[in-house]
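Descriptive analysis of the structure
The primary structure of each chain is shown beneath.
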Amino acid sequence: MKTLVIVTHPSLETSVINKRWVEELKQYPEKYTVHELHQVYPDGNMDAEKEQQLIEAHGNLVLQFPIYWFNCPPLLKKWLDDVFAYGWAYGSNGGNKLKNRKVALAVSAGIRKEDYSEEGRYRYTLEHLLTPFETTFLYCNANYRSYFAFYGTEKKPGENEPGKENEPIANELEKSVQDYLRFVDNL
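Residues numbered from 1 in each chain as written. Predicted model: local features only at pLDDT ≥ 70, side-chain atom pairs only at ≥ 80, totals over all residues. Heavy atoms only, no water.

Re the pairing of strand β3 (residues 61–66)
By the criterion of burial, β3 is predominantly enclosed, with six of the six residues buried. Residues Leu61, Leu63 and Phe65 of β3 are buried on one face, and the alternating residues Val62, Gln64 and Pro66, pointing to the opposite face, are buried as well. With four bridges connecting them, strand β1 (residues 3–7) and β3 associate as parallel partners. Note on β3: the bridge partner recorded for Val5 is Val62. Pairing of β3 with strand β4 (residues 102–109) involves six bridges; the strand directions are parallel. Pairing of Gln64 across the sheet is with Ala106, part of β4. (Buried < 20%, exposed > 50% of the residue type's maximum accessible area, 1.4 Å probe, protein only. Helix = DSSP H or I, 4+ residues; strand = E, 2+ residues; numbered from the N terminus. Pairing = 2+ DSSP bridges.)

Structure follows, in C-alpha cells:
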C-alpha cells in the first residue's frame, strides 16, 4: 500500500526544505500520497471523517512539518486532536484504526544539530522534543518508526561567504532528499 504523507507547513511555497521534499515525493504518485493540510484546510476547519478514511486507505503514515517553536505547526496539532479521536484511534468501539500502522515523522529544524543536545544551546535533543508524538502513537498502538530530520537551515551571521549563503544548504538538501525517500521506503 501507498504511504500517506501529511504535510503541514504554513508557507510551503516559500519553504526550502519541506517544499523540496514535497516536490520529490510527488514524482512517485504510485508510492506516496502527499496531503498538504494548509492547502486542503486554509480556514482550519477539518473534516475528521475524511481524514480518517484517507489514513485507512493507506499503509504507512508520515507527518512532515517544520519544527515550530519547538513543536509542530498549530494546524497539525488541530489535525491530531480532530482526527485521532476516541473510538477511531484509541478507546472502545473500534478505536484501533492505527493499531500496528507504521508511522513516522519528517521534520526540518532551523537550528543546528549541536544546539539540540544536552550541552547545546537549547539543552534538549530533537528526540526529546518529539517525545509527545511518539507517546501519542504508542497510546494508539501504532508502530512508531522514529523520525527523519534536516537540521540547520538557520545560519549564524558570517558562517558563509557573501553571495554563497545557500551553497552548503543546497548540497545538504539534495542529499537529504534521497535520504528521506530511503527512510520512508524502509519504514
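Let's pick the thread back up.
Here we look at the side chain of Thr3
Of note, Thr3 is situated in strand β1. Residues in contact with Thr3, not counting those within four places in the same chain, are Lys31, Tyr32, Thr33, His58, Asn60, Val62 and Val184. (Contact = heavy atoms within 4.5 Å.)

A closer look at the nonpolar core
Judged by nonpolar contacts, the single largest core of 34 residues is most densely connected at Leu63, Phe65, Leu76, Trp79 and Phe84. Among the elements that make up this core, the one with the highest residue count is helix α4 (residues 74–83) (five residues). When residues no more than four places from it in sequence are discounted, the contact partners of Leu76 are Ile6, Thr8, Leu37, Leu63, Phe65 and Phe133. Counting residues in each nonpolar core, the second largest holds 21 residues, with Val7, Ala104, Tyr180 and Phe183 among its members. (Core = buried A, V, L, I, M, F, W, Y, C linked by side-chain atoms within 4.5 Å.)

Observations concerning the environment of Lys50
Topologically, Lys50 is positioned in helix α3 (residues 48–56). Spatially, the C-alpha atoms of Lys50 and Val83 are 9.0 Å apart, while their sequence positions differ by 33 residues.

Topic: the layout of surface pockets
If you add up the space inside the second largest pocket, you get close to 190 Å³. Taken together, Asn71, Cys72, Lys77, Leu80, Asp81, Phe84, Leu129, Pro132, Phe133 and Thr136 form the lining of the second largest pocket. When contributions to the lining of the second largest pocket are tallied by element, the ones reaching two or more residues are α4 and α6 (131–139). Taken together, the residues that form the lining of the second largest pocket break down as six nonpolar, two polar and two charged. (1 Å grid on protein atoms, 1.4 Å probe; cavity = no way out; pocket = protein on both sides within 12 Å on 5 of 7 lines; lining within 4 Å. Points joined across faces, edges and corners; volume = space filled by probe spheres on them. Nonpolar A, V, L, I, M, F, W, Y, C, P; charged D, E, K, R; others polar.)

Note that all results are geometric; they support no functional claim without further evidence.
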